[in-house]
Amino acid sequence: MTEQHFPSASILGYPRIGVHRELKRVLEDFWSGKTSGVQLVATANQLRCSRTERLHSLGLTEAGSIPEDFSYYDQVLDIIAATGAVPTRFSEERKALAAAGPDLWHASDSSTTAALEALFTIARGEGARPALEMTKWFDSNYHYLVPEIGPETKFEWLGSTRSRAAALLGEGVRPVLVGPVTFLLLSKPSEEAGEDYDILARLPEVLSVYEALIDDLVSAGASWVQFDEPALTSDRWAYSRERIIAALTESYERLSVRGASLLVALTYGHAFDAVEALAATKVQAVAIDLVKGKTPDAQTLAAWNKAWAGRTIAAGIVSGRNVWRTNLRAALGQLRELKENLGQVHLAVTTSTSLQHVPIDVEKETKLDPQVASWLAFADQKVEEVVALAKGLEEGDEAIEAELAASDAAVESRQSHPGVRRAEVRERTAAVTAADRERAPYAERAAQQAERLHLPVLPTTTIGSFPQTVEIRKARAAHRRGELSAADYEQAMKAEIEHVVRVQERIGLDVLVHGEAERNDMVQYFAENLEGFATTVNGWVQSYGSRCTRPSILWGDVVRPAPITVKWSSYAQSLTDKPLKGMLTGPVTIMAWSFVRDDEAPGEVADQIGLALRDEIADLEEAGIPVVQVDEPAIRELLPLRKENEEEYLQWSVGAFRLATGGAQSKTQVHTHLCYSDFKTVIDAVDRLDADVTSIEASRSRMEILPAIRERGFERGLGPGVWDIHSPRVPQVEEIVRLLQAAVSGLGIEKLWGNPDCGLKTRAYTETIPSLENLVAAAKQVRQRHQ
């Protein structure tokens, strides 16, 4: 292996969707049959080349400085396919992947389409075969597909897109892969395995496949390979820390001698013991997160100086998770202190995580307030920051004088803006008392709600949104362009709301929603109606697969100038005698799915949003809305990766929710919703939210939450989802009955609700109507069995 330093300036990953969301469009065209697999591969290769050229032009010019982390769908799915770890229900798809083999990714015949179809069937499900479970990637809003591993899993090298990329793009790029320890820790036991199945025991077999993978990359021309091991920064695993560190050591003792120089990235937090363990191997470089993780003290740095002498530590000092400009002067001072303490170590500059979590280019946001825009750095600007810091570290302040001056000006502009701190907002949050976060006892509330709502046992509802049709999007776009008057737009939205209400009445749902036709996004809609936020036009970020969102930017103190949802909800309620839910997005989710200010404690920000929502709930009640849902799908997402930080987080996150709902009348039924959130992990937090009804994702995990529910003795209403809305399939009545029956056994029918996993915004009516009809039919069958 050639001894070489890691590049002085690099990043750990880059958005893969394309500047104009080219990947989203070609994927969806492939799924709908409008384009072929060969065309999809051609577009993917074009995206790879254009991003490499772009990063080179931004200053990443050293060999190995450009990460090659492109994925058709998900980086974990890539490893599942490459290692053959495909569930037995997808045995035919595994055969298709194996048949195409390493040649798949540059094939030009039918095997390309067949293998890609196999890959996406595993990701999205088909017919009676459910897709792989999907959950959040550590504490981010990106979703990954959960591997299923059991004794039947046969690990076998089936080829990788990274090899093709290395050959296509040359040795200047650095292939990026999920590391073997993280891959196994993120996995779950398969249906064939028991709950106590020891997945980590399969490490030696997995490493054999990874060795073949590295050999293939080296033969294709790669000199550097990056392995992402963020699992090492968390302590929320079923295995002891000693065993996990031993697995890390075993992995990189084997992989670091295969002919490529390796970078191991420890992102999303700190893992000093992992840095120490990797030093005992022949790994050439380690990346540490200095944004979310702790800064190493002098004693730790002294140990690293000795253990990593002659090799590289890459300092992740530019945030890969948020959009605020780096304070270059402060960052440069921190880097110089590190360099002084790591004299024998080559210190490189990098991002804290991959940049897949941020939009691509702030220069494309021509409609943003110029002053706010001057505070921001998207992916391209973050690359430039990394390059500038590396240059300043090597050549001194004078080499980056212009960059430092611009950074200083942005810091001063942001601190002095009058909207950043508003006295009337701070006075209100300071006056909040413990009583403001409390409602009447649940038994008292439940009695009043039963008298008001007259719901059957096992009531049915949806999570909130209904399909956003082409007509809805056209009306919204025309209104935004000024081509549709406000009156005509309102009439179009009311027509859609009436359609949604009538559909629900005909199907027979018990608690209705208005469908959210007027909302572009469940967070952006509120951001557009609250002061202290900015929204983007082109700030797209991948959420999962082809799904992209535009996170709002929370830059100042939050004020609700007027009611936001009351007009639409009250109109919908006027159309029906059935109870209707007002739909709000909770404070934690608004924060999690926005780029939140980094100059204020999260508890203060959360309470500001909570008070705005509290006012909205009061107005909904005044308008006669009997049920209000405050969605918190992201409450698990922000749960700290280290248990030592959990209680502090739960104090402010649960507190903000209870501040929002604490003023609700006892007769108002308060719902909340969580999705892809590992309910078992946060059941205590959910209990503390004190919502009257909680709906959760459960279908992909096939009701894995039930043991936790039985153990906890959950007392309030719970709706475990029975329809995976992220998969393009219609669940049959028998399937839903099985899931509901399982839930009855774990919860009791008196507390049980029937609902989908999540909102229906991304689904078509051709799937939505039969799925909801089957849900209602299944609920009726279960009711009859338990009368």
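Residues numbered from 1 in each chain as written. Predicted model: local features only at pLDDT ≥ 70, side-chain atom pairs only at ≥ 80, totals over all residues. Heavy atoms only, no water.

Test applied: UniProt positions are given in the numbering used here, feature names are shortened, and annotations may be inferred rather than shown by experiment.
An unreviewed UniProt entry lists the protein under the name 5-methyltetrahydropteroyltriglutamate--homocysteine S-methyltransferase, from Winkia neuii BV029A5. Check the Function (unreviewed entry) section of the UniProt entry for the protein; it says "Catalyzes the transfer of a methyl group from 5-methyltetrahydrofolate to homocysteine resulting in methionine formation." We quote the UniProt Pathway (unreviewed entry) comment for the protein here in full: "Amino-acid biosynthesis; L-methionine biosynthesis via de novo pathway; L-methionine from L-homocysteine (MetE route): step 1/1."

### Brief notes about the UniProt feature "binding site: 5-methyltetrahydropteroyltri-L-glutamate" (unreviewed entry) in the protein
We count it as follows: Secondary structure elements are defined from DSSP: runs of H or I of at least 4 residues count as helices, runs of E of at least 2 residues count as strands, and each element is numbered from the N terminus. We call two residues contacting when some pair of their heavy atoms lies within 4.5 Å.
In the UniProt entry, the feature "binding site: 5-methyltetrahydropteroyltri-L-glutamate" (unreviewed entry) is given for Lys-24, Asn-141, Arg-547, Cys-548 and Trp-593. Looking at the secondary structure, you find Lys-24 in helix α1 (residues 22–31). Along the chain, the position of Cys-548 falls in strand β14 (residues 547–549). With sequence-adjacent residues up to four places away left out, Cys-548 is seen in contact with Ile-17, Arg-21, Lys-24, Trp-540, Val-541, Gln-542 and Ser-543.

### Regarding the packing of aromatic side chains
Here the distance between the centres and the angle between the planes together describe a pair of aromatic rings. Formally: Each aromatic pair joins two rings of Phe, Tyr and Trp (for Trp, the six-membered one) with centres within 6.5 Å, and gets the label stacked for planes under 30 degrees apart, edge-to-face for over 60, and tilted for any other angle. Any residue under 20% of the maximum accessible area for its type is buried, any over 50% is exposed, and the rest in between are partly exposed; the area is computed with a 1.4 Å probe on protein chains only.
Counting across every chain of the model gives 16 aromatic pairs. For the ring pair Phe-466 and Tyr-765, a centre distance of 6.5 Å and an interplane angle of 40° mean the geometry is tilted. In this pair, Phe-466 sits in the loop between α17 (442–453) and α18 (470–481) while Tyr-765 sits in helix α28 (residues 765–785), placing the two residues 299 residues apart along the sequence. Across the pair, Tyr-765 and Phe-466 agree in class, each one buried.

### Looking at the pattern of salt bridges
Selection rule: What counts as a salt bridge is simple: a side-chain nitrogen of Lys or Arg found within 4 Å of a carboxyl oxygen of Asp or Glu.
On inspection of all chains with the given rule, the structure shows 57 salt bridges. Arg-236 is the salt-bridge partner of Glu-646, the closest N and O atoms lying 2.5 Å from each other. Residue Glu-646 is located in helix α24 (residues 646–661), and its partner Arg-236 is located in the loop between β7 (224–228) and α9 (241–255); the two are separated by 410 residues in the primary sequence. Linked through salt bridges whose partners overlap, the residues forming this network are Arg-414, Arg-421, Arg-426, Asp-557, Arg-597, Asp-598, Asp-599, Glu-600 and Glu-604.

### Re the UniProt feature "active site" (unreviewed entry) in the protein
Under the UniProt annotation, "active site" (unreviewed entry) lies at His-726. The exposure class of His-726 is buried, given its relative accessible area of 10%.

### Overview of the nonpolar core
The cut-off we apply is this: Nonpolar core, defined: a set of buried Ala, Val, Leu, Ile, Met, Phe, Trp, Tyr and Cys residues in which side-chain atoms within 4.5 Å join the residues together. Each domain's extent was defined by an automatic or database domain assignment.
Judged by nonpolar contacts, the single largest core of 136 residues is most densely connected at Phe-183 and Trp-308. No fewer than three residues from each of domain 1 (9–416) and domain 2 (449–785) sit in this core. Beyond its immediate chain neighbours, meaning those up to four positions away, Phe-183 contacts Ile-79, Ile-80, Thr-83, Ala-85, Pro-147, Ile-149, Phe-155, Val-178, Val-206 and Tyr-210. If you look at the next biggest cluster of nonpolar residues, it comprises 92 residues, including Ala-475, Leu-509, Ala-572 and Leu-747.

### A short note on the domain arrangement of the protein
What counts, and what does not: Two parts placed together each lose some accessible area; with a 1.4 Å probe, that loss summed over both constitutes the buried area.
Domain annotation of the protein identifies domain 1 (9–416) and domain 2 (449–785). One C-alpha centre belongs to domain 1, the other to domain 2; they are set 32 Å apart. Contacts between the two partners involve 60 residues from domain 1 and, on the opposite side, 43 residues from domain 2. Here domain 1 packs against domain 2, burying approximately 4,600 Å² in sum over the two surfaces, 52% of which is carbon and sulfur. Ranking the residues of domain 1 by area buried against domain 2 places Met-134, Arg-236 and Trp-324 at the top, with a combined share of 15%. The tally of links from domain 1 across to domain 2 stands at five salt bridges. Across the salt bridge formed by Arg-414 and Asp-598, the nearest N and O atoms sit 2.7 Å from each other. For the side of domain 1 that touches domain 2, the secondary-structure elements that each account for two or more residues are α1, α5 (110–124), β2 (134–136) and β3 (143–145).

### Some remarks on α24
Threshold: To estimate the expected span of a helix, count its residues, drop one, and scale the result by 1.5 Å.
The terminal C-alpha atoms of α24, which comprises 16 residues, lie 22 Å apart, in line with the 22 Å expected from a rise of 1.5 Å per residue. Within α24, twelve of the 16 residues are buried, which leaves the element mostly enclosed by the surrounding structure. All buried positions along α24 are accounted for by Tyr-649, Leu-650, Trp-652, Ser-653, Val-654, Gly-655, Ala-656, Phe-657, Arg-658, Leu-659, Ala-660 and Thr-661.

### Quick look at the packing of helix α23 (residues 602–622) against α24
Applicable threshold: Only the stretch in contact is used when fitting a helix axis, every axis being a line fitted to C-alpha atoms; angles between N-to-C directions are given from 0 to 180 degrees. Relative orientations are named as follows: roughly parallel for angles under 35 degrees, roughly antiparallel for angles over 145 degrees, roughly perpendicular for angles from 65 to 115 degrees, and oblique for any other angle. Two helices crossing with the near one rotated counterclockwise from the far one by less than a right angle form a left-handed crossing, whereas a clockwise rotation gives a right-handed crossing. Amino acids are sorted into nonpolar (Ala, Val, Leu, Ile, Met, Phe, Trp, Tyr, Cys and Pro), charged (Asp, Glu, Lys and Arg) and polar (every other residue, Gly among them).
Closest axis-to-axis distance for the α23/α24 pair is 7 Å, and the angle between their directions is 20°. In terms of orientation, α23 lies roughly parallel with respect to α24. Crossing hand, α23 versus α24: right-handed. Residues Pro-602, Gly-603, Ala-606, Asp-607, Gly-610, Leu-611, Leu-613, Arg-614 and Ile-617 of α23 touch α24, and the partners they reach there are Trp-652, Gly-655, Ala-656, Leu-659, Ala-660 and Thr-661. Split by residue class, the contact of α23 with α24 holds nine nonpolar, four polar and two charged.

### Section: the environment of Thr-233
Quick reminder of the rule: Polar contacts here mean pairs of N or O atoms no more than 3.5 Å apart (in protein, one a potential hydrogen donor and the other a potential acceptor; neighbouring residues in sequence count only if both atoms are side-chain atoms).
Relative to the helices and strands, Thr-233 resides in the loop between β7 and α9. Residue Thr-233 is classed as buried on the basis of its relative accessible area of 1%. When sequence neighbours within four positions are dropped, the list of residues in contact with Thr-233 reads Leu-266, Thr-267, Tyr-268, Gly-269, His-270, Ala-271, Leu-641 and Arg-642. A distance of 2.7 Å separates a polar atom in the side chain of Thr-233 from the backbone oxygen of Pro-230.

### Considerations on the sheet that holds strand β12 (residues 531–534)
Let me state the cut-off plainly: DSSP bridges decide pairing: two strands pair if at least two such bridges lie between them.
Strand order in this open sheet of three strands is β12-β15-β17, and the pairing throughout is mixed. Only two strands of the sheet have a single neighbouring strand rather than two, namely β12 and β17 (594–596). In this sheet, adjacent strand axes meet at a mean angle of 35° when their direction is disregarded. Two strands pair when backbone bridges link them, and β12 and strand β15 (residues 552–559) are joined in this way by three bridges, in the antiparallel orientation. Looking at the pairing, Glu-531 lines up with Val-559 of β15. Its contacts with the sheet place α23 against β15 and β17, and it is angled at close to 70° to β15.

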